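Chain by chain, the residues run as shown.
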Amino acid sequence: MDLREFPFYRSRLDARGVPEPWSLDDLEDYAAEHDDPFAGRVREGSRPAVALQIEATSEPPVWAALGPAELDAWAGVVSRLWRRFGLGADETIAFFDYGSNPCVLLSSSIYVSHLRRGAATRLGAHTICNDGVASMTARMLVILENVRPVGLVMRRDLVAPLAEALATHGQRGAKSLRWAAVSEVEGAAATKDADRLADVLGVPVRRLLRADAAFFVAGDCPECGQFHLDRSYRAESLGEGEIVLSAPFVGGCPAIRYRLGRGELLPAGCPLERKAVRLAW
Amino acid sequence: MTPRARVAEPFDRLDTLSSAALRRWWTGRVRRVLEIAVAELPFYAEKFAAAGFDVQRFRSLDDLDQLPTFRKQDMLAWQTERKCHRLGIERRIDRSVGETFTVSSGTIGTTFLTVNQRWRRAQGKSSARAHWWAGFRPGSPFVISAPAWHSYAAIQPYLAEFFEAPCVVVSGTYLPRYADRIVDALRRFRPRYVTMFLPMVFSILTAARRSGIEPRALFDQVEVLLVTGAPITPGMERHLKEVTGVGRISEVAGVTEGVLATSCAEGRGLHVAPDTCYIEALDPRTRQRVRPRERGSMVHCFLIPEGSVYLRYDSEDVVTIDDSECPCGLPSPRIKILGRWEHSFRLGGDTLLAYDVQLALEDGVPETVGMPFVISREGLNAGRLRLLMPEPERDAHDLAARLRGHLQARFGAAVEVVWVRDLPLQFKGVAPVLSETQIG
């Protein structure tokens with residue numbers, strides 16, 4: 001991959017061809033200045049198979065681009081995450097979030113074009129998505145009661161409505177759950193949000209660390225408490241405790257040296273996943 | 001004898017059959033699905049045996065009369081009894097890959113549908129046919145505004161692939177606060193064909209104006225606007241053309257349990273996608289088939305034997321079926337889904353729907369086309385038609401008088417018009433019957 005082919009990176013390259021780290025603000029600024037929905041991260045004239053609007057961007061919205069092989073690779077990351085959380089064949093994972101969250105979108109090949117194998121369905125697991133708005137909380141209870149998923153992945157801002165609904169209407173199908181995970185639009189939900197959901201559901205609740213612009217998702221670990229990085233990513237520690245991420249599996253819309261934020265890279269060695277590089281974030 | 005019209009651009013050979021040949025095709029297809037249902041789906045094996053139905057004696061579509069019909073409340077009862085979303089109507093062949101579930105939500109509750117890759121291929125092709133009829137053609141970006149959670153979202157990604165179109169996924173969902181994100185998608189990717197839920201069209205237009213974009217400019221590259229979520233009146237079609245500048249407004253209708261129909265260029269109803277379903281219109285009381293173009297309850301057989309298979313399912317929608325020849329040449333009958341029986345009301349001795357009021361408004365008082373309105377439940381309870389409408393800037397008194405006069409003559413009942421300051425955009429084109437306490 002030659003980053004000089006991508007206008008966004010062209011101006012950020014040093015003499016060795018290494019780009020200066022960048023953030024969502026940099027993408028939005030580029031998109032606004034050049035009126036380019038992909039913020040200069042696709043080759044001129046290219047026509048991506050799939051374009052995803054990055055939820056965390058708004059002024060203006062910025063889009064990411066993916067081809068079939070890249071979708072499949074990212075779905076592989078998500079699949080390994082679901083498996084580590086405990087999802088197995090003939091079990092169901094439920095989502096209480098917008099379908100546009102890549103963790104949802106990539107979980108079934110029904111949900112997005114050109115995805116050959118969904119992250120959950122390739123495990124032989126089933127999926128159901130409930131629209132990620134508070135007014136759909138009552139329906140979430142019906143899903144829990146009748147579909148009886150083993151895993152629930154939900155938006156942080158829906159924890160409170162779901163907690164209230166369960167308190168009012170009883171646990172009902174929540175008894176089938178074995179684990180849950182809470183997702184934030186960018187970054188990770190606070191531990192207190194996960195703890196609140198765990199109190200309500202009575203199951204372990206994991207946190208997801210999400211950075212859609214970098215095609216990144218990671219989950220924390222019940223054993224070591226840190227986020228495990230999938231082998232598909234490259235992480236670097238800059239000075240002053242900042243982490244930058246790269247997703248080498250995406251070539252058409254590169255994510256090289258994305259500023260994830262303050263954190264600390266930890267060596268592998270967690271007993272649950274010995275080879276995984278870990279991130280304290 | 002006038003020769004049968006020929007389809008200008010048939011999707012495939014199925015589009016070129018005569019009406020009689022299509023009925024024969026349907027007979028064979030229905031029989032095949034019934035055979036699978038009896039052999040493999042415990043729900044139907046049990047129910048059909050209880051009805052004394054022998055699939056080997058199925059000879060014509062009229063033989064469907066021998067089968068019981070089912071409604072949402074029946075499915076909910078079985079769901080409660082089984083304590084499970086699977087009702088015994090789900091066909092699954094490939095057990096190595098997980099399935100995907102979608103929801104069918106209504107006022108009385110939520111049931112679930114199972115879809116899988118085999119379903120995707122078959123339903124995808126039929127949906128592509130329906131979109132072809134509506135005017136979609138290959139190559140243009142395909143915008144998906146609310147992915148994953150509903151049944152149309154389960155097929156849109158296939159359509160993008162089929163039409164060799166970039167798949168454009170908007171973040172968020174079908175809520176007015178996300179309309180600006182859809183506006184961004186339309187601006188950036190300039191699709192020639194757009195599918196949209198009717199209330200969201202108006203939210204999008206409002207969001208465009210807020211952003212300083214003239215609505216017609218937002219749609220200036222759009223050749224077809226395919227609208228769903230409400231029956232479109234001729235006046236609403238004209239209104240949409242006027243506000244968007246789009247040359248062709250198409251309509252798609254269906255139910256999650258497996259009905260699909262879209263309009264052709266002639267605009268005389270929505271052609272049933274024959275490889276998705278076979279539809280009957282039954283009198284809700286006698287359960288006999290109604291005459292062509294009369295209103296009945298929509299009962300359908302889903303004809304793709306994969307995932308959830310609904311047979312003789314009464315969606316309790318009000319439907320008309322027109323099996324006269326269409327000038328476009330397509331052989332499948334045209335339906336119009338006008339609303340739901342639960343939303344119908346009695347007025348002046350007739351059973352009516354909000355659609356009837358909307359039609360009457362635009363027929364008699366054309367300047368009301370595009371105006372949202374609410375039908376007051378309190379008014380109906382008192383035997384009158386009481387409409388809540390946003391007050392126009394001028395001549396409100398005169399307009400109210402004309403509305404009352406026309407509607408009273410039309411419906412033979414007392415009519416009141418109540419001007420309100422504003423009504424939610426979601427009521428535009430989808431007039432509800434509500435208690436005035438819900439309006440505030």
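Residues numbered from 1 in each chain as written. Chains lettered and ligands numbered in written order. Predicted model: local features only at pLDDT ≥ 70, side-chain atom pairs only at ≥ 80, totals over all residues.

### Things to note about the overall build of chain A
Logical step 1: Across its full length, chain A holds seven helices and 15 strands.
Logical step 2: Against the compact-globule benchmark of 19 Å for 281 residues, chain A has a radius of gyration of 19 Å, which places it among compact chains.
Logical step 3: Here the C-alpha coordinates of chain A stretch approximately 60 × 40 × 30 Å along the principal axes.
Logical step 4: Counting only residues that meet the buried cut, chain A has 57% of its 281 residues in that class.
Logical step 5: Of all intrachain contacts in chain A linking residues separated by at least 6 positions in sequence, the fraction that spans at least 24 positions is 63%. (Helix = DSSP H or I, 4+ residues; strand = E, 2+ residues; numbered from the N terminus. Rg over C-alpha atoms; globule rule 2.2 N^0.38 Å. Buried ≥ 20, exposed ≤ 12 C-beta atoms within 10 Å, placed from the backbone. Contact = placed C-beta atoms within 7 Å.)

### What about the domain arrangement of chain B?
Residue and element names in this part refer to chain B.
Logical step 1: Partitioning chain B into structural domains gives domain 1 (13-119 + 269-341) and domain 2 (344-438).
Logical step 2: A separation of 35 Å is found between the C-alpha centroids of domain 1 and domain 2.
Logical step 3: Across the contact, four residues belong to domain 1 and four residues belong to domain 2.
Logical step 4: By residue class, the composition of the side of domain 1 that touches domain 2 is three nonpolar, one polar and no charged. (Domains from an automatic or database assignment. Nonpolar A, V, L, I, M, F, W, Y, C, P; charged D, E, K, R; others polar.)

### A short note on the interface of chain B and chain A
Logical step 1: At the interface, 37 residues of chain B touch 40 residues of chain A.
Logical step 2: Of all the secondary structure elements, the ones that give two or more residues to the side of chain B that touches chain A are strand S2 (100-106), strand S3 (109-115), helix H5 (156-162), strand S5 (167-169) and helix H6 (179-189) of chain B.
Logical step 3: Here the side of chain B that touches chain A is composed, by residue class, of 21 nonpolar, ten polar and six charged.
Logical step 4: Pairing between strand S1 (residues 50-53) of chain A and S5 of chain B: three bridges, direction parallel. Residue pairing across strands places Val50 of chain A opposite Cys167 of chain B, the latter belonging to S5 of chain B. (Pairing = 2+ DSSP bridges.)

### Description of the nonpolar core
Logical step 1: If you look at the biggest cluster of nonpolar residues, it comprises 232 residues, and the most contacted ones within it are Val78, Leu106 and Leu245 of chain A together with Cys167, Val169, Leu225 and Cys277 of chain B.
Logical step 2: The residues contacting Cys277 of chain B, other than those within four sequence positions of it, are Gly258, Val259, Leu260, Val272, His300, Cys301, Phe302 and Leu303 of chain B. (Core = buried A, V, L, I, M, F, W, Y, C linked by C-beta atoms within 7 Å.)

### Digging into the domain arrangement of chain A
Residue and element names in this part refer to chain A.
Logical step 1: The domains assigned to chain A are domain 1 (3-66) and domain 2 (68-280).
Logical step 2: Measuring from the centre of the C-alpha atoms in domain 1 to the corresponding centre in domain 2 gives 25 Å.
Logical step 3: Residue-level contacts link 24 residues of domain 1 with 22 residues of domain 2.
Logical step 4: Listed by contribution, the elements that provide at least two residues to the side of domain 1 that touches domain 2 are helix H2 (24-34), S1 and strand S2 (63-66).

### Some remarks on unusual backbone geometry
Logical step 1: Looking along the chain, the bond that leaves Glu59 of chain A and enters Pro60 of chain A is cis, with omega of -5°.
Logical step 2: Residue placement: Pro60 of chain A occurs in the loop between S1 and S2.
Logical step 3: Although it is not a glycine, Ala148 of chain B sits at a positive phi angle of roughly 80°.
Logical step 4: One can find Ala148 of chain B in the loop between strand S4 (142-144) and H5.
Logical step 5: If you check the backbone angles, Arg293 of chain B has positive phi at about 75° while not being a glycine.
Logical step 6: Along the chain, Arg293 of chain B falls in the loop between strand S11 (277-282) and strand S12 (296-302).

### Quick notes on the pairing of strand S8 (residues 248-255) of chain B
The side chains of a regular strand alternate, residue by residue, between the two faces of the sheet.
All names here are of chain B.
Logical step 1: Across the eight residues of S8, seven count as buried, placing the element largely inside the fold.
Logical step 2: Looking at chain direction, strand S7 (residues 224-228) and S8 are connected through four bridges and run parallel. Across the sheet, residue Leu225 finds its bridge partner in S8, namely Ile249.
Logical step 3: Considered for its hand, the β-α-β crossover made up of S7, helix H9 (residues 234-244) and S8 is right-handed.
Logical step 4: Inspection of the sheet shows S8 paired to strand S9 (residues 259-263) by four bridges, in the antiparallel sense. Each bridged residue has a counterpart across the sheet, and for Ala253 the counterpart in S9 is Ala261.
Logical step 5: Counting the residues between successive antiparallel strands, the hairpin from S8 to S9 contains three residues, one of them, Gly258, with a positive phi of roughly 115°. (Right-handed = clockwise from strand over helix to strand, strands pointing away.)

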